[in-house]
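# Structure assessment
Listed below are the residues making up each chain.
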Amino acid sequence: MEMGKVARRLCLGLLFGGMSCVGNEAGAVVKLPSLVGDRMVLQRETDLKIWGWADPGEKVTVRFRGAHYYTEADGQGRWHVMLPPQLPGGPFLMEVNEKVIRDVLVGDVFLCGGQSNQENPIERLVEKFPEIPVSNNHMIRHFKVPYQDDVRGVKENLAGSGVWHSATASEVMNWTSLAYFFATEVYNRYKVPVGMLVSSKGGTDIESWISQEHLKDFPKLRVDREALEAAAEAKHDKGTGKWNRRDFDDSAWDSVDVPGTWRETGIRVKGSVWYRKNFRLPSSMVGRHAKLYMGRMSDCDSVFVNGTFVGTTAYFGPPRKYDVPAGVLVEGVNNVTLKLTALNGNGEIVRDKVYKLKGDDDEVELSGVWKYKVGFDRAEAEPYEQRLANLRHAGSGLYNGMIYPVRNWKVKAAIWYQGENNAGRAGEYAPLLTSLIADWRETWGWPEMPFLLVQLPNYMAKQDKPSDSGWARLREAQFQVSRNVPHTALAVTYDAGEWNDIHPLDKKTVARRLFLGARKIVYGEKVAASGPIYKGMETKGNRIILSFDDAGRGLSCRGGRLKHFAIAGEDRKFVWADAVIKGGKVVVSSPEVEHPVAVRYAWSNNPEEANLCNKDGLLASPFRTDNW
């Protein structure tokens, strides 16, 4: 039964694939992307693009804040207008021809990308943060981009129907948690509307969010475009929309006796075969309703009479009996066209069944000689599909479906929270994250687009002895990117996680630290946004002395003494060390290491106890002095 359902879906896809499903609507209403809807937030103080679709040549008027903007749809039915920079405020109305978009705000929009911690539902946090269910802020809004993953190419529009939600009590449960707390921080300080555009999906790798053009240094993540296009062409049914027409000339086609099997007639195809039969009709049947009996077939059939689709069956079992509507049958020559699809190559029109067109008083026998031609043969695509063996693991699928379609929406900055899925391949994360930032900046046409990065929090059980860690190495990669790529800021969060939950609840702390970075690199405030940054080391006897940048008003320590420092000698065996702050530096030593050469700080899956910070309370990012 389950296989039958799959086959039915496949058959319908093969039948209608490539055929337009858009009907002609009376009045030709313009279409808008789901982003352009009630409660949307537009980015302030920048040119704004409003776009959509209509019939080619249709005139479109956009009215907003007392001004109107004219355009018309091009030959492909696409249109857009550009609005000049807008001051913050709202709510406003926007009209696009007869469509009315209500409750529009103008303020600051943030693009939020990543995996599950970026899209953690706010409903999970209501017990920890009881203010959430009674939220009453109508000036912050949230849009969750629907999932769409396709490595084959970029999508012009989003999947599904996303909706903007405000943060009132009746709508706040539609939010993601980090976006809510960050939007609250921004609004409370600057008092401008805030929109959070969240494009994230749990369990995803960073390479899924990067375009093919920016994965050139990662050949295993690239899609062989030539093979992809050739395979698609090989699997394209050449008869779709053409060979079912009544007046189609099939004189050059081969002949075959029906019924019969493909193998018996020498048809060696894993795909589709089209059959056509012309016949003359008794006058009693002209213009009348009739019944078409097509026996049984394997596997999927689609049947047309005089070009009119009369029925389909998706799998081997049922008898084929289809109604031919009144008005389809005509005087003179008529035609029945059958498209038979068998992806396993075992196509069959079963013998000893009825193949007739029956009217009330007369009937037409349809068994006998038919014309036939191959529509497509999947075997022709197999050499190309071997070159596409990496499609399941190739990059760019989520960029194509969830980033590229929102590229026209102007934003204030991007927030990136991801890395858990890449922790096992931490060595390649820094170049991938660098590529992602460059990619999105290019997509938005904004080389200085600010990026706010969340460093992975603490997770998993604490370990008794110092050890290497994929999570520590990935945090290091995130830190390196924040130091090497301009207009980025890093939120250090190794005290905000949970050892037994990869989705920690304290997104408020994470949001506050992200907002410190936003105040500095997005809003231009002179504010301490980073903890101490490791600068260098020197060895004196059995001690290593560490120096730091960005210490602010000076180094400090949460708690009584510094923790989670490890030290090693030439044998590269790390042990826990004593560490003290002296003269603006940290002095590290251990009686077990007489000749130290390297120090690591907060270097583990769960360095929750690490407590080096500045006097503003901002934690130092994990670091190591070695390159082992």
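### Observations regarding the overall build of the protein
Secondary structure assignment for the protein yields 8 helices and 36 strands. Here the protein has a C-alpha radius of gyration of 32 Å; the compact-globule value for 628 residues is 25 Å, and the former is much larger. Sorting the 628 residues of the protein into buried and exposed places 54% on the buried side. Restricting to contacts in the protein with at least 6 residues of sequence separation, those with at least 24 account for 76%. Carbon and sulfur atoms make up 48% of the accessible area of the protein, which totals about 28200 Å². Computing the positive centroid from 83 side-chain charges and the negative centroid from 77, the protein places the two 3 Å apart.

### Some points on the pairing of strand β25 (residues 451-454)
Covered by surrounding structure in β25 are Phe451 and Leu453 together with Leu452 and Val454, the residues of both alternating faces. Across 3 bridges, strand β24 (residues 413-417) lies against β25 in parallel orientation. By the bridge assignment, Ala414 is partnered in β25 with Phe451. On the question of chirality, the crossover connecting β24 to the parallel β25 by way of helix α6 (residues 429-444) is right-handed. Both β25 and strand β26 (residues 488-491) contribute to a ladder of 4 bridges, which runs parallel. When the bridges of β26 are listed, Leu452 appears paired with Ala489. The handedness of the β25 to β26 crossover, carried by helix α7 (residues 470-484), is right-handed.

### Quick look at the packing of helix α2 (residues 177-190) against helix α8 (residues 507-521)
Two elements in contact, α2 and α8, have axes whose closest approach is 8 Å; the angle formed by their N-to-C orientations is 45°. One element, α2, and the other, α8, form an angle in the oblique class. With respect to the hand of their crossing, α2 and α8 are arranged in right-handed fashion. Of α8, the residues touching α2 (which contributes Ser177, Leu178, Phe181, Phe182, Glu185, Val186, Arg189 and Tyr190) are Lys507, Lys508, Val510, Ala511, Arg512, Leu514, Phe515, Ala518 and Arg519. Within the contact of α2 with α8, the residues separate by chemical class into 10 nonpolar, 1 polar and 6 charged.

### Some details on the pairing of strand β8 (residues 136-144)
Bridge count for β8 against strand β9 (residues 164-168) is 5 bridges, and the pairing is antiparallel. Looking at β9, one finds that Phe143 is bridged to Trp164.

### What about the environment of Ala423?
When you line up the elements, Ala423 lands in the loop between β24 and α6. For Ala423 and Asp254, which are 169 residues apart along the polypeptide, the C-alpha to C-alpha distance reads 59 Å. Residues within four places of Ala423 in sequence aside, it is in contact with Gly470, Trp471 and Leu474.

### Describing the packing of aromatic side chains
What the rule picks out here adds up to 30 aromatic pairs. Relative to Phe515, the ring of Tyr190 has its centre 6.0 Å away and its plane inclined at 70°; by these criteria the two rings are edge-to-face. Of this pair, Tyr190 sits in helix α2 while Phe515 is found in helix α8, placing the two residues 325 residues apart along the sequence. Judged by its relative accessible area of 21%, Tyr190 is partly exposed. The exposure class of Phe515 is buried, given its relative accessible area of 5%. Three or more aromatic residues link up through ring pairs in this structure, and these residues are Trp243, Phe248, Trp253, Trp274, Phe304 and Phe309. The ring centre of Tyr147 lies 5.2 Å from the NZ or CZ of Lys201, which sits over that ring.

### A look at the pattern of salt bridges
Taken as a whole, this structure holds 34 salt bridges when the rule is applied. For Glu131, the salt bridge identified is with Lys508, shortest N-O distance 2.7 Å. Here Glu131, found in the loop between β7 (99-114) and β8, pairs with Lys508, found in helix α8; they are 377 residues apart in sequence, far enough to count as distant. For Glu131, a relative accessible area of 32% puts it in the partly exposed group. A salt bridge links Arg512 to Glu185, with the nearest nitrogen and oxygen atoms 3.3 Å apart. Here Glu185 lies in helix α2 and Arg512 lies in helix α8, a separation of 327 residues in the sequence. On the basis of relative accessibility, which here comes to 22%, the residue Glu185 falls in the partly exposed class. A single network of salt bridges, built from pairs that share partners, joins Asp205, Glu207, Arg425 and Glu428.

### Remarks on a positive patch on the surface
Taken together, the side chains of Arg263, Arg268, Lys270 and Arg378 define a basic patch exposed on the protein surface. Of the residues examined, Arg378 reaches a relative accessible area of 31% and is grouped as partly exposed.

### Comments concerning unusual backbone geometry
For the peptide bond that leads from Val258 to Pro259, omega is 10°, which places it in the cis range. Turning to its location among the elements, Pro259 is positioned in the loop between β11 (254-258) and β12 (260-261). Between Ser298 and Asp299 the backbone carries a cis peptide bond, its omega angle lying at 5°. Positionally, Asp299 belongs in the loop between β15 (297-298) and β16 (300-305). Phi angles above zero are rare outside glycine, and Asp550 is one such case at about 50°. Turning to its location among the elements, Asp550 is positioned in the loop between β28 (543-549) and β29 (555-557). Non-glycine residue Ala602 carries a positive phi angle of around 55°. Within the element layout of this structure, Ala602 appears in the loop between β34 (598-601) and β35 (612-614).

### A closer look at the environment of Ser34
Take Ser34: it is sitting in the loop between α1 (2-16) and β1 (41-43). Residues Ser34 and Arg263 lie 229 residues apart in sequence; the distance between their C-alpha atoms is 50 Å. Excluding anything up to four places from it in sequence, Ser34 contacts Phe143, Leu158, Ser161 and Gly162.

Definitions and limits used
Residues numbered from 1 in each chain as written. Predicted model: local features only at pLDDT ≥ 70, side-chain atom pairs only at ≥ 80, totals over all residues. Heavy atoms only, no water. Helix = DSSP H or I, 4+ residues; strand = E, 2+ residues; numbered from the N terminus. Rg over C-alpha atoms; globule rule 2.2 N^0.38 Å. Buried < 20%, exposed > 50% of the residue type's maximum accessible area, 1.4 Å probe, protein only. Contact = heavy atoms within 4.5 Å. Areas by Shrake-Rupley, 256 points an atom, 1.4 Å probe, with all protein chains shown as cover. Lys, Arg positive; Asp, Glu negative; His and termini not counted. Charge placed at Lys NZ, Arg CZ, Asp CG, Glu CD. Pairing = 2+ DSSP bridges. Right-handed = clockwise from strand over helix to strand, strands pointing away. Axes fitted to C-alpha atoms, helices over the stretch in contact; angles between N-to-C directions. Parallel < 35°, antiparallel > 145°, perpendicular 65-115°, else oblique. Left-handed = near helix turned anticlockwise from the far one by under 90°. Nonpolar A, V, L, I, M, F, W, Y, C, P; charged D, E, K, R; others polar. Phe/Tyr/Trp six-rings, centres within 6.5 Å; stacked < 30°, edge-to-face > 60°. Lys NZ or Arg CZ within 6 Å of the ring centre and 35° of its normal. Salt bridge = Lys/Arg side-chain N within 4 Å of Asp/Glu carboxyl O. Patch = residues over 30% accessible without salt bridge, like charges linked within 9 Å, V, L, I, M, F, W, Y side chains within 5 Å.

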